[in-house]
Amino acid sequence: MKEIENERQMIQEAALKTAQRAIQPRAAEIDASGEFPRDLMEAIEKQGFLSILLPEEYGGMNGDITAFCLLIEEIAKVCGSSSLLLLAQGVGTLPIWLGGNDSQKERYFTQISEKNSLISFTLNETEIGSETPSIKTTAQKEKKDYLLNGRKCFITHGSIAHLYAAFALTEPKKGNEGVSAFVVERETPGLLFGRKEEKLGMRGVVTTDVIFENCRIPEENRLGEEGDGWRIAMESLTMARPAMGAQAVGIAQGALDYSIHYANERIQFKRPISSFQAIQFIIADMATQVEAARALVYQAAAHVDGRLEGAEKLSTMAKLYASDVAMKVTTDAVQILGGYGYMRDYPVERMMRDAKVTQILEGSNQVQRLVVAHHLFKD
Ligand SMILES: Cc1cc2nc3c(=O)[nH]c(=O)nc-3n(C[C@H](O)[C@H](O)[C@H](O)COP(=O)(O)OP(=O)(O)OC[C@H]3O[C@@H](n4cnc5c(N)ncnc54)[C@H](O)[C@@H]3O)c2cc1C
């Protein structure tokens, strides 16, 4: 146990250093240009963060979900785009972690750790969004191959990934039970991309559609058995949700820290605005909400790591609560800064825009509430 805690602490310290030295100075510019931060990749790759969840035997950092959350939270405090980059990478590796056989793990995990290959979690489609059971992409068996056809929508790293953990119907009549999971490699003919989306926030990550047009992949690229895809996708999302919550906590903490700093500096009526009780109360509420969200996130992460009962419910609550807190706290931060909060010269409006997607990604918060309610009423 001590060893695990030491490893987590080392990951958190490395994340903090990378965030402060390399990422924070670039965060505003990444947002303004909307460009993928290729120059930061070297710092991120050097620390091995793209392989955070991969086992050591494949060159990974052997991080558990708690360590993943610590990493994501530290980076999110300074730059939402950079934390989403790492979050999407971790989520992308989970289907192989959960459904891959030894030779698939050897092949893909080693590729990720040695070449720093990006991987996308490729589930969402134009028509299905929250209604994920109605997946339309098909994978038709042809002798020892599958032919993939369909269009995946809003995929993080879409056009720049090297690998795609993709979900498609092998038996359309069976619904969820007919979904299978695959790894699609970048060079595969028939793998195409939509335009780069222009987004409100998280502007430094690349989001595009991923299109399969008679995309032929060998049987060896299927993860698990035919029909295992839905379980793999849902388990991946359950495992990743605490990290989604950690991202929200990080963004909220960044906005809170800046608000405190600003409130101490800004003079109105001949005194710092931090001396006004109205401002103190807003900040006290912000801090309380961030701490409550953090506690729920790490409680959920501990349940996932310990494979404890209730992990899915807690993970969903953590993502739901932390992302609502992030939206509230970043909006309050803009209020604390007054007109300056609304200006691009200050970081809090970026944090507010970045926070918004945490309520939508990996399942909207309405859908998260449905999942929590399902757990509460199923008995
Ligand atoms: C920046 C970004 C990056 C993304 N990256 C990825 C990625 O890497 N991989 C991936 O697979 N997907 C990705 N997504 C997709 C994301 O997971 C979906 O956008 C999300 O699940 C919501 O689906 P939708 O956009 O189709 O909304 P819709 O499903 O159309 O929902 C619209 C509204 O209706 C509400 N709603 C829908 N159904 C119900 C219901 N039953 N009850 C109550 N309310 C409901 C929703 O909460 C929402 O408010 C990304 C999205 C964004 C914005």
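Cut-offs used in this document
- Residue numbers restart at each chain and count upward from 1, following the sequence in its written direction.
- In keeping with the model being predicted, local features are shown solely for residues with a pLDDT of at least 70 and side-chain atom pairs are shown and tallied solely at 80 or more, while totals for entire chains, interfaces and linings include all residues.
- Hydrogen atoms and water are omitted, and side-chain values are computed over all heavy atoms in the structure.
- Numbering of helices and strands runs from the N terminus; a helix is a DSSP stretch of H or I covering at least four residues, while a strand is a stretch of E covering at least two.
- The reference for a compact globule is 2.2 Å times residues^0.38; the radius of gyration itself is calculated from the C-alpha atoms.
- Classification of residues uses two cut-offs on accessible area relative to the type maximum, computed with a 1.4 Å probe and protein chains only: under 20% is buried, over 50% is exposed, and between them is partly exposed.
- The nonpolar core is taken to be a set of buried Ala, Val, Leu, Ile, Met, Phe, Trp, Tyr and Cys residues, with the residues joined through side-chain atoms within 4.5 Å.
- Contact between two residues is taken to exist if any of their heavy atoms lie within 4.5 Å; hydrogens are not considered.
- Patch membership is restricted to residues that have no salt bridge and whose relative accessible area is over 30%. Joining uses 9 Å for like charges and 5 Å for the nonpolar side chains Val, Leu, Ile, Met, Phe, Trp and Tyr.
- Here the accessible surface of atoms and residues is derived via Shrake-Rupley with a 1.4 Å probe, and residues count as covered only by protein chains that are part of the display.
- We count a salt bridge whenever a side-chain nitrogen from Lys or Arg sits within 4 Å of a carboxyl oxygen from Asp or Glu.
- A residue counts as positive if it is Lys or Arg and as negative if it is Asp or Glu; His and the chain ends are not included.
- Each charge is placed at NZ for Lys, CZ for Arg, CG for Asp and CD for Glu.
- Only a pair of cysteine sulfur atoms within 2.5 Å qualifies as a disulfide here.
- A helix's residues, less one, multiplied by 1.5 Å, set its expected span.
- Arc, as used here, means the arc of the directions from the helix axis to the C-beta atoms.
- By convention in these notes, a residue is near a molecule or strand provided one of its non-hydrogen atoms lies within 4 Å of it.
- Here a polar contact is taken to be a pair of N or O atoms separated by no more than 3.5 Å, where protein atoms must pair a possible hydrogen donor with a possible acceptor and residues adjacent in sequence count only if both atoms sit in side chains.
- Here the nonpolar group is Ala, Val, Leu, Ile, Met, Phe, Trp, Tyr, Cys and Pro; Asp, Glu, Lys and Arg are the charged ones; every other residue, Gly included, is treated as polar.
- One requirement defines pairing of two strands: DSSP has to find at least two bridges between them.
- Angles shown run from 0 to 180 degrees and are taken between the N-to-C directions of axes, each axis being a line fitted to C-alpha atoms and, for helices, limited to the stretch in contact.
- The criterion for an aromatic pair is that two Phe, Tyr or Trp rings (for Trp, the six-membered ring) have centres within 6.5 Å, with stacked assigned to planes under 30 degrees apart, edge-to-face to planes over 60 apart and tilted to the rest.

Participant: I'd like a description of the overall build of the protein chain, backed by residues and values.
Facilitator: Within the protein chain, the secondary structure is distributed over 11 helices and 10 strands. A compact globule built from 379 residues should have a C-alpha radius of gyration of about 21 Å, and the protein chain, at 21 Å, falls within 12% of that. Counting only C-alpha atoms, the protein chain reaches 80 × 50 × 45 Å along its principal axes. Counting across all 379 residues of the protein chain, residues that qualify as buried make up 56%.

Participant: Can you break down the nonpolar core residue by residue, with the values?
Facilitator: In this structure, Leu 86, Leu 148, Phe 167 and Val 184 are the most contacted members of the largest nonpolar core, which totals 115 residues. Once residues lying within four places of it in the same chain are set aside, the contact partners of Val 184 are Leu 148, His 162, Leu 163, Tyr 164, Ala 166, Leu 191, Phe 212, Cys 215 and Ile 217.

Participant: Requested: an account of a negative patch on the surface, with residues and values cited.
Facilitator: Together, Glu 3, Glu 7, Glu 56, Glu 57, Asp 102, Glu 106 and Glu 114 line one region of the surface with negative charge. Those elements giving two or more residues to the negative patch turn out to be α1 (2–23) and α6 (102–115). Examining the composition of the negative patch, we find that three residues originate from one element, α6, more than from any other. For Glu 57, the location among the structural elements is in the loop between α3 (38–46) and α4 (65–78). Taking the relative accessible area as the measure of exposure, Glu 57 reaches 66% and is therefore exposed.

Participant: I'd love a proper account of the state of the cysteines, names of residues and values included.
Facilitator: This model, assessed by the stated rule, comprises zero disulfides. With no disulfide of its own, Cys 69 lies closest to Cys 79 among cysteine sulfurs, the gap being 18 Å. Owing to a relative accessible area of 0%, Cys 69 belongs among the buried residues under this scheme.

Participant: Which residues make up helix α11 (residues 365–377), and what values do they have?
Facilitator: A rise of 1.5 Å per residue sets the reference length of α11, with its 13 residues, at 18 Å; its end C-alpha atoms lie 18 Å apart and thus fit the reference within 8%. Buried residues of α11: Asn 365, Gln 368, Val 372 and His 375, and no others. One side of α11 holds all its buried residues, which, seen down the axis, span an arc of 70°. Seen from the buried face of α11, the exposed residues on the opposite side, beyond 90 degrees, are Gln 366, Leu 370, His 374 and Phe 377. For α11, the elements touching its buried residues are α7 (229–265), α9 (311–336) and α10 (348–358).

Participant: Provide a residue-level description of the site of the ligand, including the pertinent values.
Facilitator: Close to the ligand lie 17 residues; Phe 121, Asn 124, Ser 130, Ser 364 and Gln 366 are nearest. Residue Glu 362 places a main-chain N or O atom 3.5 Å away from an oxygen atom belonging to the ligand. Coverage of the ligand by the protein chains reaches 63% of its 980 Å² of free accessible surface. Of all the secondary-structure elements, those providing two or more residues to the shell around the ligand are β3 (145–156) and α11. For the shell around the ligand, the element with the most residues is β3, which contributes three residues. Of the residues belonging to the shell around the ligand, the class tally is eight nonpolar, seven polar and two charged.

Participant: So what about the pairing of strand β1 (residues 119–122)? Which residues, and what values?
Facilitator: With burial as the criterion, each face of β1 is covered, one bearing Ile 119 and Phe 121 and the other bearing Ser 120 and Thr 122. Note that β1 and strand β4 (residues 163–169) share four bridges and pair parallel. Residue pairing for β4: Ile 119 is matched across the bridge by Leu 163.

Participant: Which residues make up the packing of α4 against helix α8 (residues 277–305), and what values go with them?
Facilitator: With their axes 8 Å apart at the nearest point, α4 and α8 run at an angle of 150° to one another. Between α4 and α8, the contacting residues are Ile 65, Thr 66, Cys 69, Leu 70 and Glu 73 on the first element and Arg 294, Val 297, Tyr 298, Ala 301, Ala 302, Val 304 and Asp 305 on the second. Partitioned by chemical class, the residues of the contact of α4 with α8 number eight nonpolar, one polar and three charged.

Participant: Lay out the packing of aromatic side chains with the relevant residues and their values.
Facilitator: All told, the structure shown has eight aromatic pairs when counted by the stated rule. For the pair Phe 121 and Phe 167, a centre-to-centre distance of 5.3 Å together with 55° between the ring planes defines the contact as tilted. Separated by 46 residues along the polypeptide, Phe 121 in strand β1 and Phe 167 in strand β4 bring together distant segments of the chain. Each member of the aromatic cluster is reached from another via a ring pair, and the members are Tyr 258, Tyr 262, Tyr 340 and Tyr 346.

Participant: Describe the environment of Asn 221, with residues and values.
Facilitator: Residue position: Asn 221 is located in the loop between β7 (207–218) and β8 (222–223). Sequence separation of Asn 221 and Val 290 is 69 residues, and the distance between their C-alpha atoms is 42 Å. Not counting residues up to four positions away in its chain, the partners in contact with Asn 221 are Gln 104, Tyr 108, Ala 181, Phe 182, Val 183 and Glu 185. Within the structure, the side chain of Asn 221 is placed 2.8 Å from the backbone oxygen of Val 183, a separation counted as a polar contact.

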